[in-house]
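Listed below, chain by chain, are the residues.
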Amino acid sequence: MAPPVLSNEEIRRYSRHLIMPEVGMAGQRRLKQGSVLLIGTGGLGSPLALYLAAAGVGHIGLVDFDVVDESNLQRQIVHGTSTVGLAKTESARRRLHDLNPLVEVTTYETPITSANALDLMRPYDIIIDGTDNFPTRYLTNDAAVMLGKPNVYGSIFRFEGQVTVFSPKDGGPCYRCLYPEPPPPGLVPSCAEGGVLGVLPGVIGTLQATEAIKLLTGIGEPLIGRLLLYDALEMRFRELKLRRNVNCPVCGDHPTVTELIDYEQFCGIVPEVQTLSSQYEITPVELAALLETPERPFLLDVRNSYEVEIASIEGTDLLIPVDQLPEQINKLDSSVEIVVYCRSGARSGQAVEMLKAAGFRKVKNLVGGVLRWSDEVDPTMAKY
Amino acid sequence: MAITITIPTALRQYAGNNATVALEADTVGALLHGLVEQYPTLGKHIFDGGKLRSFVNVYVGDEDIRYLQGEATPLKDGETVSIIPAIAGGM
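About the criteria used
- Each chain has its residues counted from 1, following the order in which its sequence is written.
- Going through the entries in the order they are written, you letter the chains from A and number the ligands from 1.
- In view of the model being predicted, local features appear only for residues whose pLDDT reaches at least 70, and side-chain atom pairs are presented and counted only at 80 or more, with totals across whole chains, interfaces and linings using the full set of residues.
- Residues are defined as contacting one another if the C-beta atoms placed from their backbone atoms lie within 7 Å.
- Here a strand is any run of E in DSSP of at least two residues, a helix any run of H or I of at least four, and the numbering for each starts at the N terminus.
- Residues are grouped as follows: Ala, Val, Leu, Ile, Met, Phe, Trp, Tyr, Cys and Pro are nonpolar; Asp, Glu, Lys and Arg are charged; every other residue, Gly included, is polar.
- Put plainly, a residue is buried at 20 or more neighbouring C-beta atoms within 10 Å of its own, exposed at 12 or fewer, and partly exposed in between, counting only other residues' C-beta atoms, which are placed from the backbone.
- By definition, two strands form a pair when at least two bridges between them are found by DSSP.
- To obtain each axis, a line is fitted to C-alpha atoms, and for helices this fit is confined to the stretch in contact; angles are then taken between N-to-C directions over 0 to 180 degrees.
- Domain start and end points were adopted from an automatic or database domain assignment.
- A clockwise path from the first strand over the helix to the second, with the strands pointing away from the viewer, defines a right-handed crossover.
- For our purposes the nonpolar core covers buried Ala, Val, Leu, Ile, Met, Phe, Trp, Tyr and Cys residues that link as a set through C-beta atoms within 7 Å.
- For every residue, the predictor states its confidence as a pLDDT score lying anywhere from 0 to 100.

### Here we look at the interface of chain B and chain A
- Contact residues are listed per partner, giving 19 residues for chain B and 35 residues for chain A.
- Only helix 1 (9–12) and strand 6 (63–64) of chain B provide two or more residues apiece to the side of chain B that touches chain A.
- Of the residues belonging to the side of chain B that touches chain A, the class tally is 11 nonpolar, five polar and three charged.

### What about the environment of Ile 112 of chain A?
Residues and elements named next belong to chain A.
- The topology assignment puts Ile 112 in the loop between strand 3 (104–108) and helix 6 (117–121).
- The exposure class assigned to Ile 112 is buried, which follows from the 23 C-beta atoms found within 10 Å.
- Ile 112 sits 64 residues away from Arg 176 along the chain, and the two C-alpha atoms are 19 Å apart.
- Sequence-distant contacts of Ile 112, that is, excluding residues within four places in its chain, are made with Ile 39, Val 63, Ala 117, Leu 120, Thr 136 and Leu 139.

### Concerning the sheet that holds strand 7 (residues 226–231) of chain A
Residues and elements named next belong to chain A.
- Reading across the sheet, the eight strands line up as 3-2-1-4-5-6-7-8 and stay open at both edges, with mixed pairing between neighbours. A strand with exactly one partner marks an edge of an open sheet, and here the two such strands are strand 3 and strand 8 (236–241). Strand-to-strand twist of the sheet, defined as the mean angle between neighbouring strand axes without regard to direction, takes the value 15°.
- Two strands pair when backbone bridges link them, and strand 5 (residues 151–157) and strand 6 (residues 160–166) are joined in this way by seven bridges, in the antiparallel orientation. Paired with Tyr 153 across the bridge in strand 6 is Thr 164.
- Across the sheet, helix 7 (residues 134–147) touches strand 1 (35–39), strand 4 (126–129), strand 5 and strand 6, and the angle it forms with strand 4 is around 165°.

### Focus: the domain arrangement of chain A
- Each assigned domain of chain A is listed with its residue range as follows: domain 1 (34–266) and domain 2 (278–376).
- Centre-to-centre, using C-alpha coordinates, domain 1 of chain A lies 37 Å away from domain 2 of chain A.

### Comments concerning the pairing of strand 1 of chain A
Residue and element names in this part refer to chain A.
- When you tally the buried positions in strand 1, you get four out of five residues, the bulk of the element.
- Pairing of strand 1 with strand 2 (residues 59–63), which is carried by five bridges, proceeds in the parallel orientation. Along strand 2, the bridge assignment pairs Leu 37 with Gly 61.
- For the crossover that starts at strand 1, traverses helix 4 (residues 45–55) and ends in the parallel strand 2, the hand is right-handed.
- Looking at chain direction, strand 1 and strand 4 are connected through four bridges and run parallel.

### Observations concerning the nonpolar core
Residue and element names in this part refer to chain A.
- Counting residues in hydrophobic clusters, the biggest one holds 91 residues, and the most contacted among them are Ala 49 and Ile 60.
- Broken down by element, this core gets its largest block of residues, eight residues, from helix 10 (residues 200–217).
- Every residue in contact with Ile 60, bar those within four places of it in the chain, is listed here: Val 36, Leu 38, Ala 49, Leu 52, Ala 53, Leu 96, Val 103 and Val 105.

### Structural notes on the confidence of the model for chain A
- On average, residues of chain A carry a pLDDT of 93, and 97% of them reach 70 or more.
- Here residues 272–276 of chain A is a poorly scored stretch, pLDDT under 50, and it has six contacts once near neighbours within four places are set aside; other chains count.

Printed below as a string of structure tokens:
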């Protein structure tokens, strides 16, 4: 099908593209004909959606089931203060419509799953992975490979990013060629736990948008078979070679994974993890009451020292970051009652498990951590 | 033979907060074991029962050691070895 012609309105809007011979009328018409599905409308999805809409990509699909939160706005620039509380897909659709009403935006307010992934992706030329977890990354990869669509991949952590284009149909590798297996849960921190420099997804998402535009217009050298690494602190880009693994279970010569699987299970995620029995848990309200009594427990903070500056429970006895707990366990007295806390209750849960394994029995995890303490006991405490 | 190892952000906290570490070794395996000897807490993040973890890639220059000779890959003075673990962030 010949690419659609441009209206005079479109010619005015895209004139800076049209006057470059590398894009020109032919390239801009290919952009108008093109379609891109963005999985995730967050840190990476924000600059992606904005630049792809601005560039005149004819049809943009947005998949997300989250709601805009104040803490998103440090980096998720497609959203705004006026759309806090709104579905991210709808928040992004409004901003994109304002930026460029000439492009079609379709929103899917749903998590992407093994049941819907192929149907979601099928109508689109290019898939862009801007998610934040390993199960969805493997799911996105496998579905894109099965449909023979390029997957423009980007991922970030703190100050560091990775970008590449997975496109086995062009002879390139897929995500499983790069990382055959996911890390076990808990070993690689997420951005929610590890933090992220707000501008980092801007850099990485913009690189992904560049690659998508190159693929649609057919210009330049695509980032296939090359992994681009970015380190914001060192301000350095590096490039590594990526090869298609002929034994890859998905894109190899004899694929063994030919339909979508259970990716939570593949990534070792057990639903409804109930590692602690209630005997080893305490709620913020229970702890607050206990701290008023003469039998007040020993209060152990297992966060990092820079988090203490943000918010801290009054009367904390000791700070040992969870990573250092094995070396510093001798600072604790197993004969007294110990309550362990962190930001959300996850790290302190690990700490309680470590202490139990070391023989401690009078140890409890503050469920919900500082966040729930702020909700239920001390609303003046900052949440982060 | 001095080899420079680049440490990714996610693992720097286990390597004295260094972005790079210089060590002497003549193979990739010897280099990584030397690194873990110097920074023991890094061990469980790179190795699982003595084997390189499957979500931790190691490159000599720009080449994945899986396409060289794995941990037996020989190293030349001045080369750079990069540890590149999987990261998933995006939101």
